[in-house]
Amino acid sequence: ADPTSPNPPQVSSTAILLLGNPGVGKSTILNAVAGQVFFNAAASDNGGGVTVDKSEKRVTVEGQEYLLVDLPGQADARPEMKAHVLQQIN
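Counting from 1, residues in each chain are numbered in the order their sequence is written. It should be noted that, the model being predicted, local features are given only for residues of pLDDT at least 70 and side-chain atom pairs only at 80 or more, the latter also being counted only at that level, while totals for whole chains, interfaces and linings use all residues. Side-chain measures here rest on the full set of heavy atoms in the structure, leaving out hydrogens and waters.

## A few points about the side chain of asparagine 31
Here is step 1: A run of DSSP states H or I qualifies as a helix once it reaches four residues; a run of E qualifies as a strand once it reaches two. Both are numbered from the N-terminal end. Here asparagine 31 lies in helix α1 (residues 26–34).
Here is step 2: Within the structure, the side chain of asparagine 31 is placed 2.8 Å from the backbone nitrogen of phenylalanine 38, a separation counted as a polar contact.
Here is step 3: If we ignore the near neighbours within four places in the chain, the residues touching asparagine 31 are Gln36, Val37, Phe38 and Phe39. In protein, a polar contact means a hydrogen-donor-capable atom and an acceptor-capable atom, both N or O and within 3.5 Å, with residues adjacent in sequence counting only if both atoms are side-chain atoms; elsewhere, any N or O pair within 3.5 Å suffices. The contact criterion used is simple: two residues touch if any of their non-hydrogen atoms lie within 4.5 Å.

Below is the structure:
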């Protein structure tokens, strides 16, 4: 496929998002995958960081495109919380 053509092919990417408790290092892991710091968490009382808002970044690693999605921590996995998470990533 010719990337200079008027209708270049659509590139599909793999989405990576991590769900877990607040302040456990999800942003740090996504930054490690990206190979640079894209995601910053706000300082928290426990000395760690807490992500406040969803953020996304497309990166290419070894020729593969990824959509990295940084989400605020989720302290539980109740059904209504799962619905909230799904709402955040759509």
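## Structural notes on the sheet that holds strand β1 (residues 14–17)
Here is step 1: A pair of strands is considered paired only if DSSP assigns at least 2 bridges between the two. Strand order in the open sheet made by the 3 strands is β1-β5-β4, with mixed pairing throughout. A strand with exactly one partner marks an edge of an open sheet, and here the two such strands are β1 and β4 (55–61). Neighbour to neighbour, the strand axes of the sheet diverge by 25° on average, direction disregarded.
Here is step 2: In terms of strand pairing, β1 meets strand β5 (residues 64–70) through 4 bridges, oriented parallel. Between N-to-C directions, angles cover 0 to 180 degrees, with each direction set by a line fitted to C-alpha atoms, over the stretch in contact for helices.

## So, the environment of glycine 35
Here is step 1: Tracing the backbone through its elements, the reader meets glycine 35 in the loop between α1 and β2 (42–43).
Here is step 2: Remark: exposure states derive from per-residue accessible area (1.4 Å probe, protein chains only) relative to the maximum for the residue type, with buried under 20%, exposed over 50%, and partly exposed in between. Taking the relative accessible area as the measure of exposure, glycine 35 reaches 64% and is therefore exposed.
Here is step 3: Sequence spacing of glycine 35 and threonine 60 is 25 residues, and the spatial spacing of their C-alpha atoms is 9.9 Å.

## What to know about the environment of leucine 68
Here is step 1: With respect to the helices and strands, the residue leucine 68 is situated in strand β5.
Here is step 2: Each C-alpha atom of the pair leucine 68 and serine 27 lies 9.8 Å from the other, and the pair is 41 residues apart in sequence.
Here is step 3: Excluding its chain neighbours within four sequence positions, the residues that come into contact with leucine 68 are Ile16, Leu30, Val33, Ala34, Phe39, Ser55, Glu56, Lys57 and Val59.

## With respect to the pattern of salt bridges
Here is step 1: Within this document, salt bridges are pairs made up of a side-chain nitrogen of Lys or Arg and a carboxyl oxygen of Asp or Glu, the two lying within 4 Å of each other. The full count for this structure, using the stated rule, is 2 salt bridges.
Here is step 2: The salt bridge partner of arginine 58 is glutamate 65, with a shortest N-O separation of 3.3 Å.

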